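# Observations on chain architecture
Residue-level listing of the chains:
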Amino acid sequence: MADAMLSAAAARLIALIAEQARYHVNLVRGAEKEVRSLAEKLESIRIVLDDAENRRFKDKKINYWMSRLEATAYEMEDILDEWDYAILKLHMDEHDSDDVVVAPAPKQKIPGEIGKLINLRSLRLCGNESLKELPREIKNLIHLRLLELSRNKSLKELPKEIGNLIQLRHLIIKKNDSLKELPSEIGNLIHLRRLNLQKNQSLKGLPKEIGNLIQLRHLIIGKNDSVKELPSEIGNLIHLRCLDVGWNKLLRQLPDSICRLHELQTLNAYKCLRLLGLPKGVAQLTGLRFVSVVAWGCGWSKLGLLKNLNHLAGVLSLAIILKNNEDFEEVVEDARDAELRNKIHTQKLEISFLDQIDEMEEEESSRVRMDVLDALETHPNLQKLSSYQGSKLPLGWIVSPLNQLRKVKLSCCNNLTSLLPFGKLPCLEMIHLNGTENYVRRH
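A brief look at the structure comes next. Owing to the predicted nature of the structure, the values given are computational and were not obtained by experimental measurement.

## A word on unusual backbone geometry
Of note, the phi angle at Trp-247 is positive, near 65°, even though the residue is not glycine. Along the chain, Trp-247 turns up in the loop between β7 (242-244) and β8 (266-269). Exposure remark for Trp-247: the relative accessible area of 41% places this residue in the partly exposed category. In this model, Lys-271 sits at a positive phi of 60°, which is unusual for a non-glycine residue.

Okay, here's the thing in structure tokens:
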């Protein structure tokens, strides 16, 4: 497999050089010589792979080397995809001759003659409020690499002929308010790398044929108010890096099959208010670097799912639910199980509490909040800490002089009675207090 992947990578490197020359762009100054040299080295490596492939299951060292090589080849493919996408986007923005941006007048259709543009590489049909359908002749655009259909409010369906565009790499379908479903033929787009389906308010879901898109790297289906579930076939997208289902208000669960997506790096389910939690198997997706889920706590996703996700980077946002008649000690222990101290790449931690507790238990819940924060001890590399609702702040790890905290933001702390000894934080640059009126009055 590594043999084929390296050959493909080398061929794509050379092809991208040709793309740059064709469109008169140079995304990386002076890179052509280095890229050609890299392509030659890849070909040299490929020559010895046949023997290595035969020996990999007999020699542990060779097997390890081959596994690392395959992982590197996948990373190269991702970089090449981004390069290819950037070239196409730049080319489109400059309105070169091979790009078409069609804006039909009211009551006008896209002419069938568009199918004669067989060398077309990118096509954008955006902001056409009266566009209801696409001509079937679109199937003739066999060299199309990027297709964008956005802000076409009257577009109700896509022709099944879209499945003929087998060279398509990037498909963007956004803000088409009347679009209710995708044709099953979309499963024929086996080379697709990026599928963006944001803000199609009438879209009910994805066809099961989506599972055929095994080369897909980015699947974005956020902010669709009518999506209630995702097909289990999504688990076939074994090379998927990013799954974004954020802000889908009716989405109740994610299929267990997403636990097979071992290449997944980003999982965004933020503001899916009816989502009952993540599948437990997500804890095995150790390559995850960004996870955003609105609710953690009893009856929701367990914070302990984060235990082995030590590649988490950037922002980690935790909204923790505390409820009446809940075993608060279990919540604290669950927070400790997250082992945030091992997340050395996490730069910002956002913590908020969504209490569902009677006023008579407020004092108890305030204590639990402090205990949970203590249990969520982070690595000293953390740069930013924000959001907290409570009457006190824990003194433990937060004020350790080893911390590199630069920014602290406290919000909605109307019952705050004391502040942290911020003077113990040598790197602190900014303190933001919001909603601490009662503390200000008392002092």
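## Topic: the packing of aromatic side chains
For the structure shown, the criterion picks out one aromatic pair. Ring centres of Trp-247 and Tyr-270 lie 6.0 Å apart, and the angle between their planes is 70°; this geometry places the pair in the edge-to-face category. With Trp-247 in the loop between β7 and β8 and Tyr-270 in the loop between β8 and β9 (290-297), this residue pair connects regions lying 23 residues apart in the sequence. Of the residues examined, Tyr-270 reaches a relative accessible area of 28% and is grouped as partly exposed.

## A word on the side chain of Asn-196
Within the secondary structure layout, Asn-196 lies in strand β5 (residues 194-196). Given a relative accessible area of 12%, Asn-196 falls into the buried group. In this view, Asn-196 contacts Leu-171, Ile-172, Ile-173, Lys-174 and Ile-220; residues no more than four positions away in its chain are not counted.

## Quick word on the pairing of strand β13 (residues 407-411)
Note that strand β12 (residues 384-386) and β13 share three bridges and pair parallel. Residue pairing in the sheet places Leu-385 in a bridge with Val-408 of β13. For β13 and strand β14 (residues 430-434), the ladder comprises five bridges, and the chain directions are parallel. Residue pairing for β14: Ser-411 is matched across the bridge by Asn-434.

## A few points about the pattern of salt bridges
If you walk through the whole model with that rule in mind, you get nine salt bridges. One salt bridge in this structure joins Arg-336 and Glu-333, with 3.0 Å as the shortest N-O distance. Of this pair, Arg-336 and Glu-333 both sit in helix α5 (residues 328-337), three residues apart, which is roughly one turn of the helix. You can call Arg-336 partly exposed: its relative accessible area is 39%. Residue Glu-333 is classed as partly exposed on the basis of its relative accessible area of 40%.

Cut-offs used in this document
- Residues numbered from 1 in each chain as written.
- Predicted model: local features only at pLDDT ≥ 70, side-chain atom pairs only at ≥ 80, totals over all residues.
- Heavy atoms only, no water.
- Helix = DSSP H or I, 4+ residues; strand = E, 2+ residues; numbered from the N terminus.
- Buried < 20%, exposed > 50% of the residue type's maximum accessible area, 1.4 Å probe, protein only.
- Phe/Tyr/Trp six-rings, centres within 6.5 Å; stacked < 30°, edge-to-face > 60°.
- Contact = heavy atoms within 4.5 Å.
- Pairing = 2+ DSSP bridges.
- Salt bridge = Lys/Arg side-chain N within 4 Å of Asp/Glu carboxyl O.

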